[in-house]
Amino acid sequence: MVEDDSGLSVDTIAIDGPAASGKTTIGRLLAAKLGYQMLDTGFMYRAATLAALDAGIDVEDETAVTRLAREIELDVRDGARHGDGRLYSALLNGRDVTWQLRDPAVARNVSAVASYLGVRQALVEKQRRFGEQGKVVMVGRDIGTVVFPDARLKLYITATAEERARRRALDNQAQGHGGDVEVILADIKRRDALDSQRKHSPLLPADDAVIIDSSVITPDEIIDQIMGLLDGDGEWR
Ligand code: DC
């Protein structure tokens, strides 16, 4: 990680926000524009959950899940060459699990796994190691508050629950899954509550985060807005 005189990580951009707020899309566009790497940290919590389910470990068994989270090897690769709509390829112990991470069983159990302090410590360590390479846009729930509190630019992307449900339904339909907006809305509200009320690293904008409501502006307009905060080299004005 590169630090300037003030000790801030000049080439780390933190993006946080609730489920389906558009933060991953913004992260991807911003990383492409700046020539940075993008890490969607949600994949790590999903991969730890998948590893537990595959190993037949009860996700309520905090000790066993935490041990597993420390042991697993996680990696990401560029996903473009697959041509199947993935933003990146997710590797769990060297195995490509990109689509398994979207499994409903993973979605049902990931909030429990992400609530464990030991799991979070293990995965935050992996995230910081990734960030040490510099020039990274990191997307999650606690990047600006916990993982990189010294990131030069912190964004908090949000949108109304209704708008997020509508977008998620369109995504699901495009992928050939069910897209009942009411069901999705209920799930989004449930996840919002779990993410923001959990004891460790709850979803919360950092004090110095720039808050962007994506309900009414397009991703391109948001990118223009963000680029207005940076100079041509991707540095803070
Ligand atoms: O962004 P996502 O839906 O893939 O996240 C999956 C889960 O992981 C969700 O319950 C929130 C949690 N998560 C987290 O606690 N901290 C992060 N930095 C990223 C995701």
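Provided above is the structure to which this section pertains.
Only a predicted model underlies this, so the values are computations on that prediction, with no experimental measurement involved. (Residues numbered from 1 in each chain as written. Predicted model: local features only at pLDDT ≥ 70, side-chain atom pairs only at ≥ 80, totals over all residues. Heavy atoms only, no water.)

## Here we look at the overall build of the protein chain
A tally of helices and strands in the protein chain yields nine helices and eight strands. In terms of C-alpha radius of gyration, the protein chain reaches 17 Å, essentially the compact-globule figure of 18 Å for 237 residues. The C-alpha extent of the protein chain, read off along each of the three principal axes, is 50 × 40 × 35 Å. Taking all 237 residues of the protein chain together, the buried fraction comes to 49%. A separation of at least 24 residues holds for 68% of the contacts in the protein chain among residues at least 6 apart in sequence. About 11600 Å² of surface is accessible on the protein chain, with carbon and sulfur atoms providing 49% of the total. Distance from the positive charge centre (30 side chains) to the negative charge centre (39 side chains) of the protein chain: 3 Å. (Helix = DSSP H or I, 4+ residues; strand = E, 2+ residues; numbered from the N terminus. Rg over C-alpha atoms; globule rule 2.2 N^0.38 Å. Buried < 20%, exposed > 50% of the residue type's maximum accessible area, 1.4 Å probe, protein only. Contact = heavy atoms within 4.5 Å. Areas by Shrake-Rupley, 256 points an atom, 1.4 Å probe, with all protein chains shown as cover. Lys, Arg positive; Asp, Glu negative; His and termini not counted. Charge placed at Lys NZ, Arg CZ, Asp CG, Glu CD.)

## Regarding the packing of helix H1 (residues 23-34) against helix H9 (residues 219-227)
Contact geometry for H1 and H9: axes closest at 10 Å, N-to-C directions at 55°. Relative to H9, the element H1 lies oblique. You can see that H1 and H9 cross each other, and the crossing is right-handed. On H9, the residues that touch Thr25, Ile26, Leu29, Leu30, Lys33 and Leu34 of H1 are Pro219, Asp220, Ile222, Ile223, Ile226 and Met227. (Axes fitted to C-alpha atoms, helices over the stretch in contact; angles between N-to-C directions. Parallel < 35°, antiparallel > 145°, perpendicular 65-115°, else oblique. Left-handed = near helix turned anticlockwise from the far one by under 90°.)

## Overview of the packing of aromatic side chains
One pair of aromatic rings is described through two measures. These are the centre distance and the angle between the planes. On inspection of all chains with the given rule, the structure shows one aromatic pair. When the ring of Phe43 is compared with that of Tyr88, the centres are 6.1 Å apart and the planes differ by 65°; the resulting orientation is edge-to-face. Within this pair, whereas Phe43 is found in helix H2 (residues 42-54), its partner Tyr88 is found in strand E4 (residues 88-92), the two being separated by 45 residues in sequence. Here the two residues Phe43 and Tyr88 agree in accessibility, since each one is buried. (Phe/Tyr/Trp six-rings, centres within 6.5 Å; stacked < 30°, edge-to-face > 60°.)

Function-wise, these values are silent; they only describe arrangement.
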